[in-house]
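Here's the letter readout for the chains.
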Amino acid sequence: MASSSTPMLHFSFTRPFSPSLSPNRISNTLRIATPHPPNPSLKLSSSHSISTAFTPALPINLSISPSPRKLTIVAAKGYKMKTHKASAKRFRVTGNGKIVRRRAGKQHLLEKKNTKRKCRLSKMHPVSRSDYDNVIGALPYLKVNRLAK
């Protein structure tokens, strides 16, 4: 308990669990003296205490580890870019890195189209070079070879 002439302030901190230590939490106590006289308007409860000495319950290990860990930067921008999911369902990438798409016109009204035309519409078609920037903008993680012809 603190006397009315010397104000006390109590700081405590907890160490992380270590298997070599007991399973209960271990707390160290830090006591700091104040050089100024106590403020009469300051009300301190009995749980706050300040002393002139620093007395930890256990010694604190401040040594630096012998091998520093390597830091790996995953994303320099900060946030992940979102994939446009409708575009992801419409475009594919070939083995050479070209972007391909389906032809339009094979959904309905197929009776009046001849077999040769329907077969041609079923095949994948490469995306035009002028549309590459639009597709890559919608699909930022697509593995595209921009130099493929």
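Structure report, in brief.

About the thresholds
- Residues numbered from 1 in each chain as written.
- Predicted model: local features only at pLDDT ≥ 70, side-chain atom pairs only at ≥ 80, totals over all residues.
- Heavy atoms only, no water.
- Core = buried A, V, L, I, M, F, W, Y, C linked by side-chain atoms within 4.5 Å.
- Buried < 20%, exposed > 50% of the residue type's maximum accessible area, 1.4 Å probe, protein only.
- Helix = DSSP H or I, 4+ residues; strand = E, 2+ residues; numbered from the N terminus.
- Contact = heavy atoms within 4.5 Å.
- 1 Å grid on protein atoms, 1.4 Å probe; cavity = no way out; pocket = protein on both sides within 12 Å on 5 of 7 lines; lining within 4 Å.
- Points joined across faces, edges and corners; volume = space filled by probe spheres on them.
- Nonpolar A, V, L, I, M, F, W, Y, C, P; charged D, E, K, R; others polar.
- Salt bridge = Lys/Arg side-chain N within 4 Å of Asp/Glu carboxyl O.
- Pairing = 2+ DSSP bridges.

Turning our eyes to something else, we now look at the nonpolar core. By size, the foremost hydrophobic cluster in this structure holds nine residues: F91, I99, V127, Y132, V135, I136, A138, L139 and V144. For this core, the leading source of residues is helix α3 (residues 132-138), giving four residues. Those residues in contact with F91 that sit more than four places away from it in its chain are I99, V100, R101, V127, V135 and L139.

Take a probe with the size of a water molecule and roll it over the atoms, and the empty space left behind shows itself. Of the volumes computed, that of the largest pocket is approximately 250 Å³. Forming the walls of the largest pocket are K89, R90, F91, R92, R101, R102, R103, A104, G105, K106, Q107 and M124. Across the lining of the largest pocket, the residue classes break down as three nonpolar, two polar and seven charged.

Turning our attention to the pattern of salt bridges. Counted by the stated rule, this structure contains one salt bridge. With a closest N to O distance of 3.3 Å, R146 and D133 form a salt bridge. You can see R146 sitting in the segment after α3 and its partner D133 sitting in helix α3, a full 13 residues away along the chain.

With antiparallel pairing, the three strands of this open sheet are ordered in space as β3-β4-β5. Only two strands of the sheet have a single partner each, and these edge strands are β3 (92-93) and β5 (124-126). Strand direction decides the pairing type here: strand β4 (residues 99-102) and β5, joined by three bridges, are antiparallel. Within β5, the residue paired with V100 across the bridge is P126.

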